[in-house]
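# Coordinate analysis (summary)
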Amino acid sequence: MLLFFLVLSLTRLTRSQELEFQPQPTHEGTTTVNTDLSVAPEIAQLATAIASARPDTAAPRTDGRIAGDLADLAAVPQRWWDLVRFDPDRPLRIHVPGAPGVWLLVLPPGAAADCDCRQATALAGEAVEIAAGEGPGRPLRPGRVRVHGTGSPHRLRGAGHGYSVSLHAH
Ligand SMILES: [Zn+2]
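Computed from a predicted structure; not experimentally measured.

### What to know about the overall build of the protein
Secondary structure summary: the protein contains 3 helices and 9 strands in total. Taken from N to C terminus, the helices and strands of the protein fall in the order α-α-α-β-β-β-β-β-β-β-β-β. Across the 170 residues that make up the protein, the buried fraction comes to 16%. Counting contacts in the protein only where the partners sit at least 6 residues apart, residues at least 24 apart contribute 64% of the total.

Following this line, the structure appears as structure tokens:
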């Protein structure tokens, strides 16, 4: 368990470095701050070097990579739990900030929604994904990522008596 959290925090550290690299801010009232603006070009060069070292800059987003990202996100509820809202009258599709192409789908009991995701996983409650001509559909399960091809629209239907919350990616 400790190892799990260690890996998780390392993963997040790496991501935040990739996505949010910025020059160090200066702090007033300390004597060790270098306020010489001539270092700015060096910081810019450093940022460029880091950006070009990112392994996924030019690589296509493979299904495996998207699934890994989706599973990582599902395992960190603090990134999405506060976004979840419940509307008894309609499904809610909620974009997850910092995760392009990823959204939460919150279905009230018994509701259904059209979905065009490439991948999905369950977060809470029960839901079934129904592809065209597929019959009763297959349940989404927590800890597993369902992979669709592109261009395979389907429906997601809440099952059970409560709300269902699931995570989807293009
Ligand atoms: Zn879907």
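### Section: the pairing of strand β9 (residues 164–169)
Across the 6 residues that make up β9, a large majority, 6, are buried. The alternating pattern of β9 places Ser-164, Ser-166 and His-168 on one face and Val-165, Leu-167 and Ala-169 on the opposite face, and all of these are buried. Looking at chain direction, strand β2 (residues 102–107) and β9 are connected through 6 bridges and run antiparallel. What sits directly across from Val-106, in β9, is Val-165. Here strand β4 (residues 119–124) pairs with β9 via 5 bridges, running antiparallel. Bridging across to β9, Thr-121 finds its partner in Leu-167.

### Concerning the sheet that holds strand β5 (residues 126–131)
Strand pairing in a sheet is mediated by backbone hydrogen bonds. Such pairs are either parallel or antiparallel. The sheet built from 4 strands is open, its strands ordered β3-β8-β5-β6 with antiparallel pairing. Two strands bound the open sheet, and with one partner strand each, they are β3 (112–115) and β6 (138–139). In this sheet, β6 lies alongside β5 in antiparallel orientation, the contact comprising 2 bridges. Counterpart to Val-128 in the pairing with β6 is Pro-139.

### Quick notes on the environment of Pro-100
For Pro-100, the position within the fold is in the loop between β1 (92–95) and β2. For the pair Pro-100 and Ala-169, spaced 69 residues apart in the sequence, the C-alpha separation amounts to 8.5 Å.

### A few points about the nonpolar core
The biggest cluster of nonpolar side chains holds 18 residues, and the ones touching the most others in it are Leu-105, Val-106, Leu-107, Ala-127, Leu-156 and Leu-167. Mapped by element, the contributors of at least two residues to this core are β2, β4 and β9. The element that contributes the greatest number of residues to this core is β2, accounting for 4 residues. If near-sequence neighbours (up to four positions away) are discounted, Leu-167 is found in contact with Leu-70, Leu-73, Ala-74, Val-102, Leu-104, Ala-120, Thr-121 and Leu-123.

### A few points about the environment of Pro-109
Following the sequence through the fold, Pro-109 ends up in the loop between β2 and β3. Its 14 C-beta neighbours within 10 Å are what place Pro-109 among the partly exposed residues. When the C-alpha positions of Pro-109 and Ser-164 are compared, they lie 7.4 Å apart, and in sequence the two are 55 residues distant. Discounting residues that sit within four places of it in the chain, Pro-109 has contacts with Gly-158, His-161, Gly-162 and Tyr-163.

### Quick look at the sheet that holds β9
Judged by pairing direction, the sheet is antiparallel, and its 5 strands sit side by side in the order β1-β2-β9-β4-β7 without closing on themselves. Each of the sheet's edge strands pairs with one partner strand only, and the pair in question is β1 and β7 (146–147). Against the sheet, helix α3 (residues 63–74) touches β2, β4, β7 and β9, its axis set at about 15° to β4.

Cut-offs used in this document
- Residues numbered from 1 in each chain as written.
- Predicted model: local features only at pLDDT ≥ 70, side-chain atom pairs only at ≥ 80, totals over all residues.
- Helix = DSSP H or I, 4+ residues; strand = E, 2+ residues; numbered from the N terminus.
- Buried ≥ 20, exposed ≤ 12 C-beta atoms within 10 Å, placed from the backbone.
- Contact = placed C-beta atoms within 7 Å.
- Pairing = 2+ DSSP bridges.
- Core = buried A, V, L, I, M, F, W, Y, C linked by C-beta atoms within 7 Å.
- Axes fitted to C-alpha atoms, helices over the stretch in contact; angles between N-to-C directions.

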